[in-house]
Amino acid sequence: DSSFQAEVVAAVLASLAMAERAALGFSDCKAALAGIARARAAPRLRAERCALWRLVQTSGTAVSWRWVPAHDRSPEWSTDGFGGLSSLEVSRLARELNAAADAACTECMAAFSAPRSAAMRRLEASYASALEWSVRSIQNRWTGAVALFDHMQDVVAAERGARSAPASQG
């Protein structure tokens, strides 16, 4: 998935977590914020994410989303105050939280892009084995179903033949 999709999912989940509270959310993805603000985001979102966002919109959540520059860009940037915090405090906090979120994302992505560990190789081998078993099981069930169908056709044909045969005279 794209960073746009990841940002939208994060915003949706954060909004649901803050349900029925006035809250302030930040994202460094302007496209995601614009998509959230407009109902026209739907074409760029997968169906399940659209459903989640509709849930947010109907849950009474009062989250206000704002953009924060990524990676300490735009040093002159600031945002409005919120919840009794000054503009300077909210801006500093938003930058700190964004940096922490970026660091966590980088760490998570490194785990996925690192060379495959032995545990991951075992997991992949287990998956391949389970998939192979599933395919064999389906093939065996199909073979059994075909054999049963053929047998039932033979039984029906034998019954029809027995009914149409003239009664023997004794």
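Everything here concerns the structure above.
Draft legend 1. Summary view of the pattern of salt bridges. Under the definition given, this model contains two salt bridges. Between Glu96 and Arg92 there is a salt bridge; the shortest N-O distance is 2.9 Å. Of the two residues, Glu96 and Arg92 are both situated in helix 4 (residues 87-113); the distance of four residues between them amounts to about one turn of the helix. Glu96 sits in the partly exposed class, given a relative accessible area of 43%.

Draft legend 2. Expanded view of the layout of surface pockets. Considered as a void within the structure, the largest pocket measures approximately 760 Å³ in volume. Contributions of two or more residues to the lining of the largest pocket are made by helix 1 (3-17), strand 1 (22-27) and helix 4. Looking at which element gives the most residues to the lining of the largest pocket, the answer is helix 4, with eleven residues.

Draft legend 3. Structural view of the environment of Ser78. Mapped onto the fold, Ser78 is located in the loop between strand 2 (62-67) and helix 4. Spatially, the C-alpha atom of Ser78 lies 8.3 Å from that of Val68, the residues being ten residues apart in sequence. The contacts of Ser78, once residues within four sequence positions are left out, are Ser87 and Ser91.

Draft legend 4. Spatial organisation of the packing of aromatic side chains. In total, this model carries one aromatic pair according to the counting rule given. When the centroid spacing of 6.5 Å and the interplanar angle of 85° are considered together, the rings of Phe26 and Trp77 count as edge-to-face. Of this pair, Phe26 sits in strand 1 while Trp77 sits in the loop between strand 2 and helix 4, and the two are 51 residues apart along the sequence. Positioned above the aromatic ring of Trp67, the side-chain terminus of Lys30 is 4.3 Å from the ring centre.

Draft legend 5. Just the side chain of Asp102, in detail. Inspection of the secondary structure assignment puts Asp102 in helix 4. The buried charged residue Asp102 lacks any salt bridge partner; its closest oppositely charged side chain belongs to Arg73, at an N-O distance of 7.7 Å. Those residues in contact with Asp102 that lie beyond four places of it in its chain are Asp28, Ala70 and His71.

Draft legend 6. Representation of a nonpolar patch on the surface within the structure. Nonpolar side chains collect at one region of the surface, where Leu85, Leu93 and Leu97 lie side by side and expose about 250 Å² of accessible area between them. The residue Leu97 is located in helix 4 in this model.

Draft legend 7. Broad picture of the side chain of Thr79. Within the fold, Thr79 resides in the loop between strand 2 and helix 4. Judged by its relative accessible area of 8%, Thr79 falls in the buried class. Among the polar contacts made by the side chain of Thr79, one reaches the side chain of Arg66 at a distance of 3.2 Å. The contacts of Thr79, once residues within four sequence positions are left out, are Phe26, Arg66, Ser87, Val90 and Ser91.

Calculation criteria
Residues numbered from 1 in each chain as written. Predicted model: local features only at pLDDT ≥ 70, side-chain atom pairs only at ≥ 80, totals over all residues. Heavy atoms only, no water. Salt bridge = Lys/Arg side-chain N within 4 Å of Asp/Glu carboxyl O. Helix = DSSP H or I, 4+ residues; strand = E, 2+ residues; numbered from the N terminus. Buried < 20%, exposed > 50% of the residue type's maximum accessible area, 1.4 Å probe, protein only. 1 Å grid on protein atoms, 1.4 Å probe; cavity = no way out; pocket = protein on both sides within 12 Å on 5 of 7 lines; lining within 4 Å. Points joined across faces, edges and corners; volume = space filled by probe spheres on them. Contact = heavy atoms within 4.5 Å. Phe/Tyr/Trp six-rings, centres within 6.5 Å; stacked < 30°, edge-to-face > 60°. Lys NZ or Arg CZ within 6 Å of the ring centre and 35° of its normal. Lys, Arg positive; Asp, Glu negative; His and termini not counted. Patch = residues over 30% accessible without salt bridge, like charges linked within 9 Å, V, L, I, M, F, W, Y side chains within 5 Å. Areas by Shrake-Rupley, 256 points an atom, 1.4 Å probe, with all protein chains shown as cover. Polar contact = N/O pair within 3.5 Å; in protein donor to acceptor, adjacent residues only side chain to side chain.

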